Amino acid sequence: MSREAKQLLIVGAGPSGLAAAAAARRRGWQPLIVDREGVAGGMWQRVPAELRCLSPRGRDVLPDGGTPAGTAVCATAAEVASAWSAFAQRASLRIEKATVTALQPGPGGFEVATSAGSIQAARVLVATGEYGCPTVPELPGAFGGPSSHSARFDPTLIAEGETVVVVGAGNSASYVVGRLIDRGARVVVAAREA
């Protein structure tokens, strides 16, 4: 089935894709968003619901000025996901569930092959983010034990008293350290700077 998104096709319904769609609307365009999950919020729908943002709630402002509901200083991932879903509804953004399989020049712009059929668009914006494609750096030396990227971290696999090394000290590492401590693990953090 071939469809036309005359002005703009956005691939990805995360914060970047939704903000771009809102900007396109202000320009008078009617963007079509395709997303493999078919829901607004992107990675906020996939991270643990209790994960807390590092920024204070008042700085988590959506394109229409809305903010995540709640009373704590920092919003949870569930509150942020809910806020993006509500924003997409308020803005009447069109999101279709589909996986993009190919992109090539076509009549009037681009021909985009998706799992739901072909789409023709004058412009295509790919806003898929990096959360779904974690990067695992090459580290010197050898390690024979189990390892996992934070995007695939499962705290239920950690036993009480187990020693775990967390590489990095950013948002994801902070979340992982908290879950490990909750499980009773001994945690060592390895970071470039203290």
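Thresholds applied
- Residues numbered from 1 in each chain as written.
- Predicted model: local features only at pLDDT ≥ 70, side-chain atom pairs only at ≥ 80, totals over all residues.
- Heavy atoms only, no water.
- Helix = DSSP H or I, 4+ residues; strand = E, 2+ residues; numbered from the N terminus.
- Buried < 20%, exposed > 50% of the residue type's maximum accessible area, 1.4 Å probe, protein only.
- Contact = heavy atoms within 4.5 Å.
- Phe/Tyr/Trp six-rings, centres within 6.5 Å; stacked < 30°, edge-to-face > 60°.
- Core = buried A, V, L, I, M, F, W, Y, C linked by side-chain atoms within 4.5 Å.
- Pairing = 2+ DSSP bridges.
- Axes fitted to C-alpha atoms, helices over the stretch in contact; angles between N-to-C directions.
- Salt bridge = Lys/Arg side-chain N within 4 Å of Asp/Glu carboxyl O.
- Parallel < 35°, antiparallel > 145°, perpendicular 65-115°, else oblique.
- Left-handed = near helix turned anticlockwise from the far one by under 90°.
- Nonpolar A, V, L, I, M, F, W, Y, C, P; charged D, E, K, R; others polar.
- Polar contact = N/O pair within 3.5 Å; in protein donor to acceptor, adjacent residues only side chain to side chain.

**Remarks on the overall build of the chain**
Then, in step 1: Scanning the chain for helices and strands turns up three helices and ten strands.
Then, in step 2: Seen through its C-alpha atoms, the chain measures out along the principal axes to roughly 60 × 40 × 30 Å.
Then, in step 3: Evaluated residue by residue, the chain yields a buried proportion of 32% over its 194 residues.
Then, in step 4: Of all intrachain contacts in the chain linking residues separated by at least 6 positions in sequence, the fraction that spans at least 24 positions is 50%.

**Notes on the packing of aromatic side chains**
Then, in step 1: Scanning all chains against the criterion turns up one aromatic pair.
Then, in step 2: Seen in terms of ring centroids, Trp-84 and Phe-87 are 5.7 Å apart; in terms of plane orientation they differ by 90°. Their pairing is edge-to-face. Remark: Phe-87 and Trp-84 occur in helix α2 (residues 77–90); sequence separation between them is three residues, near one turn of the helix.
Then, in step 3: The class of Trp-84 is buried, set by a relative accessible area of 10%.

**Here we look at the nonpolar core**
Then, in step 1: Judged by nonpolar contacts, the single largest core of 35 residues is most densely connected at Leu-18 and Trp-44.
Then, in step 2: Elements that contribute at least two residues to this core include exactly α1 (15–26), α2, β9 (163–167) and α3 (171–182).
Then, in step 3: Per-element accounting of this core gives the leading share, seven residues, to α2.
Then, in step 4: When sequence neighbours within four positions are dropped, the list of residues in contact with Leu-18 reads Ala-13, Ile-33, Ala-40, Gly-41, Trp-84, Phe-87, Ala-88, Leu-93 and Ile-95.

**Some details on the sheet that holds strand β3 (residues 32–35)**
Then, in step 1: Pairing is parallel across the open sheet formed by four strands, whose spatial order is β4-β3-β2-β8. Taken across any chain shown, the strands that pair with only one partner, and hence form the sheet edges, are β4 (94–97) and β8 (124–126). Going from strand to strand, the sheet's axes swing by 25° on average, the running direction of each strand aside.
Then, in step 2: Two elements, β3 and β4, share four bridges in a ladder whose sense is parallel. When the sheet's bridge partners are listed, Leu-32 is paired in β4 with Arg-94.

**Describing the pattern of salt bridges**
Then, in step 1: Scanning all chains against the criterion turns up four salt bridges.
Then, in step 2: A salt bridge links Arg-90 to Asp-64; the nearest nitrogen and oxygen atoms lie 2.7 Å apart. With Arg-90 in helix α2 and Asp-64 in the loop between β3 and α2, this pair connects stretches of sequence that are 26 residues apart.
Then, in step 3: Taking the relative accessible area as the measure of exposure, Arg-90 reaches 47% and is therefore partly exposed.
Then, in step 4: By relative accessible area, which is 42% here, Asp-64 ends up partly exposed.
Then, in step 5: Arg-179 serves as the salt-bridge partner of Asp-182, at 3.1 Å between the closest nitrogen and oxygen. With Asp-182 and Arg-179 both in helix α3 and three residues apart, this pair spans about one turn of that helix.
Then, in step 6: For Asp-182, a relative accessible area of 57% puts it in the exposed group.
Then, in step 7: Assessed through its relative accessible area of 22%, Arg-179 is described here as partly exposed.

**With respect to the packing of α1 against α2**
Then, in step 1: Between α1 and α2, whose axes approach to 11 Å, the crossing angle comes to 25°. Comparing their axes, α2 and α1 come out roughly parallel. Pair α1 / α2 crosses with left-handed handedness. Contact residues: α1 offers Pro-15, Leu-18 and Ala-22, while α2 offers Trp-84, Phe-87 and Ala-88.
Then, in step 2: Tallied by class, residues from the contact of α1 with α2 come to six nonpolar, no polar and no charged.

**Focus: the side chain of Thr-114**
Then, in step 1: Here Thr-114 is to be found in strand β6 (residues 109–114).
Then, in step 2: The class for Thr-114 is buried, based on a relative accessible area of 10%.
Then, in step 3: A distance of 3.0 Å separates a polar side-chain atom of Thr-114 from the backbone nitrogen of Ala-116.
Then, in step 4: Side-chain polar atoms of Thr-114 contact the backbone oxygen of Gly-117, separated by 2.6 Å.
Then, in step 5: In contact with Thr-114, not counting residues within four places along its chain, are Ala-98, Thr-99, Val-100, Thr-101 and Ile-119.

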